[in-house]
Amino acid sequence: MESKKASHILPLIILTVAGFTFNTSELIPIGLLTDIASDFGVSEARAGLLITVYAWVVALMSLPLMLLFARMDYRKLMLWVVGVFFVSHIASVLSVGYWSLMASRIGVALAHSLFWSIAPAMAVAVCPPQKRATALSALVAGGGIALIAGLPLGRLLGLVAGWRATFAVLGALAALVWTGLMFRFPPLPQHGETESRRHMLASLIHCKPLLMIYLITAVIVTGHYTGYSYIEPFMAKIAGFGETTITLTLSLFGVAGLMGSFIMSRWFMRYPRALITMSSFGIPVIMLLLLPGATLAPASLAVLCILWGMGMTVYNIAFQNEIISLFPSDSAVPMSFYSGIFNLGIGAGAFVGGFVVDSGRLAHIGYIGGGISMCAAIYCLFLYLPRRRRA
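Residues numbered from 1 in each chain as written. Predicted model: local features only at pLDDT ≥ 70, side-chain atom pairs only at ≥ 80, totals over all residues. Heavy atoms only, no water.

**Notes on the overall build of the protein chain**
Part 1: A count of helices and strands for the protein chain gives 17 helices and 0 strands.
Part 2: The buried share among the 391 residues of the protein chain stands at 57%.
Part 3: Considering only residue pairs separated by 6 or more positions, the protein chain has 86% of its internal contacts joining residues 24 or more positions apart.
Part 4: A total of about 15,300 Å² of accessible surface is found on the protein chain, and carbon and sulfur atoms cover 72% of it. (Helix = DSSP H or I, 4+ residues; strand = E, 2+ residues; numbered from the N terminus. Buried < 20%, exposed > 50% of the residue type's maximum accessible area, 1.4 Å probe, protein only. Contact = heavy atoms within 4.5 Å. Areas by Shrake-Rupley, 256 points an atom, 1.4 Å probe, with all protein chains shown as cover.)

**Digging into the packing of aromatic side chains**
To describe a pair of aromatic rings, one takes the distance between the centres and the angle between the planes.
Part 1: The final tally for this structure, using the stated rule, is 12 aromatic pairs.
Part 2: Judged by centre distance (5.7 Å) and plane angle (45°), the rings of Phe-319 and Tyr-384 are tilted. Highlighted residues: Phe-319 in helix H15 (residues 300-326) and Tyr-384 in helix H17 (residues 365-390), separated in sequence by 65 residues. Like Phe-319, the residue Tyr-384 is buried in the burial classification.
Part 3: Between Tyr-338 and Phe-342, the ring centres sit 5.9 Å apart and the planes meet at 50°, which makes this aromatic pair tilted. Residue Tyr-338 and its partner Phe-342 are both found in helix H16 (residues 332-358); the two are separated by 4 residues, about one turn of the helix. For the residue pair Tyr-338 and Phe-342, the accessibility class agrees, reading buried in each case.
Part 4: Connected via pairs of aromatic rings, a cluster forms that spans Phe-22, Phe-85 and Phe-115.
Part 5: Lying across the ring of Tyr-98, Arg-46 places its NZ or CZ 4.5 Å from the centre. (Phe/Tyr/Trp six-rings, centres within 6.5 Å; stacked < 30°, edge-to-face > 60°. Lys NZ or Arg CZ within 6 Å of the ring centre and 35° of its normal.)

**Focus on the nonpolar core**
Part 1: Formed by 79 residues in total, the largest nonpolar core has its most connected members in Tyr-228, Phe-234, Leu-301, Trp-308 and Tyr-338.
Part 2: The element that contributes the greatest number of residues to this core is H15, accounting for 11 residues.
Part 3: Membership of the second largest hydrophobic core comes to 36 residues, among which are Leu-12, Ala-111, Ile-118 and Phe-185. (Core = buried A, V, L, I, M, F, W, Y, C linked by side-chain atoms within 4.5 Å.)

**Examining the packing of helix H5 (residues 74-93) against helix H6 (residues 98-125)**
Part 1: Look at H5 against H6: their axes get within 8 Å of each other, and the N-to-C directions meet at 155°. By the criterion of interaxial angle, the relationship of H5 to H6 is roughly antiparallel. Between H5 and H6 the crossing geometry is left-handed. Here Tyr-74, Arg-75, Leu-77, Met-78, Val-81, Val-84, Phe-85, Ser-88, His-89, Ala-91 and Ser-92 of H5 come into contact with H6, specifically with Leu-101, Ser-104, Arg-105, Gly-107, Val-108, Ala-111, Leu-114, Phe-115, Ile-118, Ala-119, Ala-121 and Met-122.
Part 2: Each residue belonging to the contact of H5 with H6 can be placed in one class, and the counts come to 16 nonpolar, 5 polar and 2 charged. (Axes fitted to C-alpha atoms, helices over the stretch in contact; angles between N-to-C directions. Parallel < 35°, antiparallel > 145°, perpendicular 65-115°, else oblique. Left-handed = near helix turned anticlockwise from the far one by under 90°. Nonpolar A, V, L, I, M, F, W, Y, C, P; charged D, E, K, R; others polar.)

**Digging into the side chain of Arg-105**
Part 1: Mapped onto the elements of the fold, Arg-105 is located in helix H6.
Part 2: Arg-105 has contacts with Ser-25, Glu-26, Pro-29, Leu-50, Tyr-54, His-89, Ser-92 and Phe-167, leaving out every residue within four places of it along the chain.

**Comments concerning a nonpolar patch on the surface**
Part 1: There is a patch of nonpolar side chains on the surface, built from Ile-9, Leu-10, Ile-13 and Val-17 and spanning about 290 Å² of accessible area.
Part 2: Of note, Leu-10 is situated in helix H1 (residues 2-31).
Part 3: For Leu-10, a relative accessible area of 32% translates into the label partly exposed. (Patch = residues over 30% accessible without salt bridge, like charges linked within 9 Å, V, L, I, M, F, W, Y side chains within 5 Å. Salt bridge = Lys/Arg side-chain N within 4 Å of Asp/Glu carboxyl O.)

**A word on the side chain of Ser-25**
Part 1: Summarising the element assignment, Ser-25 is placed in helix H1.
Part 2: You can call Ser-25 buried: its relative accessible area is 0%.
Part 3: Engagement of the side chain of Ser-25 in a polar contact is seen with the side chain of His-89, the distance being 2.8 Å.
Part 4: Residue contacts for Ser-25: discarding those within four places in its chain leaves Phe-85, His-89, Arg-105, Val-108 and Leu-170. (Polar contact = N/O pair within 3.5 Å; in protein donor to acceptor, adjacent residues only side chain to side chain.)

**Digging into helix H4 (residues 49-68)**
Part 1: With 20 residues, H4 extends 28 Å between its outermost C-alpha atoms, agreeing within 8% with the 28 Å of an ideal straight helix rising 1.5 Å per residue.
Part 2: Met-61 marks the point of greatest bend in H4, at about 45°, and the proline Pro-64 comes within the next four residues. (Expected span 1.5 Å × (residues − 1). Bend = angle between axes of the 7 residues up to and from the residue.)

**Quick word on helix H8 (residues 163-184)**
Part 1: Taking 1.5 Å per residue, 22 residues should reach 32 Å; H8 reaches 32 Å between its end C-alpha atoms and fits that length.
Part 2: Taken residue by residue, H8 has Trp-163, Thr-166, Phe-167, Leu-170, Gly-171, Ala-174, Val-177, Gly-180 and Leu-181 as its buried positions.

**What about the environment of Ile-28?**
Part 1: Mapped onto the secondary structure, Ile-28 falls in helix H1.
Part 2: Along the primary structure Ile-28 and Gly-158 are separated by 130 residues, whereas in three dimensions their C-alpha atoms are 9.6 Å apart.
Part 3: Not counting residues up to four positions away in its chain, the partners in contact with Ile-28 are Gly-150, Leu-151, Gly-154, Arg-155, Thr-166, Phe-167 and Leu-170.

**Brief notes about the confidence of the model for the protein chain**
Part 1: Residues of the protein chain with pLDDT of at least 70 account for 88%, and the chain-wide mean is 83.
Part 2: Across the protein chain, the secondary-structure element scoring lowest on mean pLDDT is helix H9 (residues 194-205), at 64, and the one scoring highest is helix H10 (residues 208-228), at 94.
Part 3: Note on residues 1-5: pLDDT under 50 across the span, and 0 contacts to partners over four residues away in sequence or across chains. (pLDDT = per-residue confidence, 0-100.)

**Observations regarding the environment of Asp-35**
Part 1: Within the element layout of this structure, Asp-35 appears in helix H2 (residues 33-40).
Part 2: Taking relative accessible area as the criterion, Asp-35 reaches 25% and is therefore assigned partly exposed.
Part 3: Taking the C-alpha atoms as reference, Asp-35 lies 7.2 Å from Trp-163; in sequence the two are 128 residues apart.
Part 4: Setting aside residues no more than four positions away along its own chain, Asp-35 makes contact with Gly-158, Leu-159 and Trp-163.

Printed below as a string of structure tokens:
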């Protein structure tokens, strides 16, 4: 019994470490935005395009790549994904200019496109059915740890040794993940053939709750990343935080992510509607309080970041679980759509945030991002949740 239990735990740990590595790579330009901009002699808004382009590549390529490689064993596919991730990070370390760094980040984004399409299905597959929410929480916890340790420590390493050192460490982590996948992860063939998955697209279009999830996610994430993509310059220029305080505050955001994962693993199956509602409204409300918190009581930003990080993590896990509940036999295609739409929101949010910063309204990113997300929260409460009850 113990060995069987361990056989589930080790593959899940490998995926969680992979999730940490991928999420750290995606987020790290946020923590190093000023340094990258300074190194290449570009504006912070232009450096922010590294986030936007990355996210839009993921958004555009998640589904096509998932369909292209649908026949491949998930473990073999993940080995290729992590390999491309590793090579692209080496290219980032060796980049000689802004555009060569952009090209290497596109390579990372292509790997990311497939990772989050298949990682949730792999996590669920290696765990008992009754542990589905726990498996997803563990996987998403890797992203929370990326916020706690990956982003702050990567930022700190970048400040001390240069941003290239941070990308080098991420490449080394990718090599470790590849080794774990190669020698300690069981083969996981796909659930359906390529043609059946293509036919499945028609059923997705007619699944109204799923389409609602996609719409809500696109808007919520756009609002979230409108503010979060530029939280570093916001804390430095609006709240007046120093380098150490910024790093610690970003860490608190990640700690909250782990707290959100714990909440989901314990209580989502019993209180799904309450957690969906609280996270959907919590994100915009927190963002609307960013400027008042920064100007009236800067220390309150720590509390806001804890609640913000918790809300975003709960939201992400909740809607991944909703998708898998709608398509329990084969969630890869709908999850690839979700990953693409999530990253479409990241790119759109970073783009909107960059426009706000360029227009001299850095202080207002919370108001703008919060207003965008609030529209999705209202839609979720009055349209999605009643539909969910009937579905």
